[in-house]
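# Summary of the model geometry
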Amino acid sequence: MEFEVAFFDLDDTLYDKQSGLWDAIRQRMSLYMHERLGMSWDVIPTLRRHYFETYGTTLRGLQLHHQVDADDYLNYVHDLPVHDFIQPDPELRQMIVTLPLRRFIFTNADRDHAQRVLEVLGVADCFQAIIDVRAIQFYCKPEPEAYRIALHLAQVDSPQRCIYLDDSLANLTAARAMGFFTILVGQEEPEPQVDLSIRYVKDLRSRMPQLWDNHRGSK
Ligand SMILES: [Mg+2]
């Protein structure tokens, strides 16, 4: 199968989990629920887990049950000095920029946050578009509708022509059921629910050299 498109998740996929950025964002989600919505600290972890497991994101649950304004929430939770957590990554850039597929960011976060992260990593110019939570109309991965919208926006006929990299097994499992070639980022050990596991996203080149070779051969 010749692949046409690569979808990259953003948080904990393009940069390493160890950076602590995503943990910091999660802490701000809890802080938002405490400060803005007046929830007690005791209920917040359970409620967040429930929303995350039921709807894919905390935001979706807060929108449905607490009439939260998405702009207010997204600005609040992403109000962090991103450059304190992550640095430019020339190896990542080299991998992405040479990958001979059309490349998209596909994230449940919002565009402003994605743009800041991509700029700090030094890869902001490497993607055709950022497909963010607004672009997917507040559906969220792993809701199938989120993937259908992403395919439509990327103008690709079939998920079978797409590779999709994410650190979330739930997101990848849903995508694989639709026919995407799924790549779990963050661990080396094979995972039966996905097609490939890689420790770092920049390992894609050594783990799937055929993506680069096929392209060269077809010219
Ligand atoms: Mg992620």
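From a predicted model like this one, the values you see are computed outputs, not experimental measurements.

### Describing the environment of D213
- Following the sequence through the fold, D213 ends up in helix α10 (residues 210-218).
- The exposure class of D213 is exposed, given the 11 C-beta atoms found within 10 Å.
- Note: C-alpha distance between D213 and R36 (177 residues apart in sequence) is 52 Å.

### Some thoughts on the sheet that holds strand β6 (residues 196-198)
- One open sheet holds the 6 strands; their spatial order is β3-β2-β1-β4-β5-β6, and the pairing between them is parallel. Of all strands in the sheet, those bounded by a partner on one side alone are β3 (129-131) and β6. Each neighbouring strand pair of the sheet contributes to a mean axis angle of 25 degrees, computed without reference to strand direction.
- Pairing of strand β5 (residues 181-185) with β6, which is carried by 3 bridges, proceeds in the parallel orientation. Note that in β6 the partner of L184 across the bridge is S197.

### Brief notes about the domain arrangement of the protein
- In terms of domains, the protein is made up of domain 1 (5-16 + 88-218) and domain 2 (21-77).
- Contacts between domain 1 and domain 2 engage 10 residues on the former and 9 residues on the latter.
- Tallied by class, residues from the side of domain 1 that touches domain 2 come to 4 nonpolar, 1 polar and 5 charged.

### Focus on helix α2 (residues 44-55)
- Compared with the 16 Å implied by 1.5 Å per residue over 12 residues, the 16 Å span of α2 between its first and last C-alpha is a close match.
- Following α2 by one or two positions, G56 adopts a phi angle in the positive range, close to 95 degrees.

### Some points on the environment of S158
- Within the secondary structure layout, S158 lies in the loop between α7 (144-153) and β4 (162-166).
- What makes S158 partly exposed here is the crowd of 13 C-beta atoms within 10 Å.
- Expressed as a C-alpha distance, the spacing of S158 and R148, which sit 10 residues apart in the sequence, is 9.7 Å.

### Focus on the pairing of β5
- The buried fraction of β5 is high, at 5 of 5 residues.
- The two faces of β5 match: F181, I183 and V185 on one face and T182 and L184 on the other face are all buried.
- With 4 bridges connecting them, β4 and β5 associate as parallel partners. What sits directly across from D166, in β5, is L184.

### A short note on the nonpolar core
- Residues F7, I105, I131, A150, C162, I163 and Y164 are the most contacted members of the largest nonpolar core, which totals 60 residues.
- The element best represented in this core is helix α6 (residues 111-121), accounting for 5 residues.
- Each of two domains, domain 1 (5-16 + 88-218) and domain 2 (21-77), supplies a minimum of three residues to this core.
- What F7 contacts, discounting residues up to four positions off in sequence, is F104, F106, A150, C162 and Y164.

What counts and what doesn't
- Residues numbered from 1 in each chain as written.
- Predicted model: local features only at pLDDT ≥ 70, side-chain atom pairs only at ≥ 80, totals over all residues.
- Helix = DSSP H or I, 4+ residues; strand = E, 2+ residues; numbered from the N terminus.
- Buried ≥ 20, exposed ≤ 12 C-beta atoms within 10 Å, placed from the backbone.
- Pairing = 2+ DSSP bridges.
- Axes fitted to C-alpha atoms, helices over the stretch in contact; angles between N-to-C directions.
- Domains from an automatic or database assignment.
- Contact = placed C-beta atoms within 7 Å.
- Nonpolar A, V, L, I, M, F, W, Y, C, P; charged D, E, K, R; others polar.
- Expected span 1.5 Å × (residues − 1).
- Core = buried A, V, L, I, M, F, W, Y, C linked by C-beta atoms within 7 Å.

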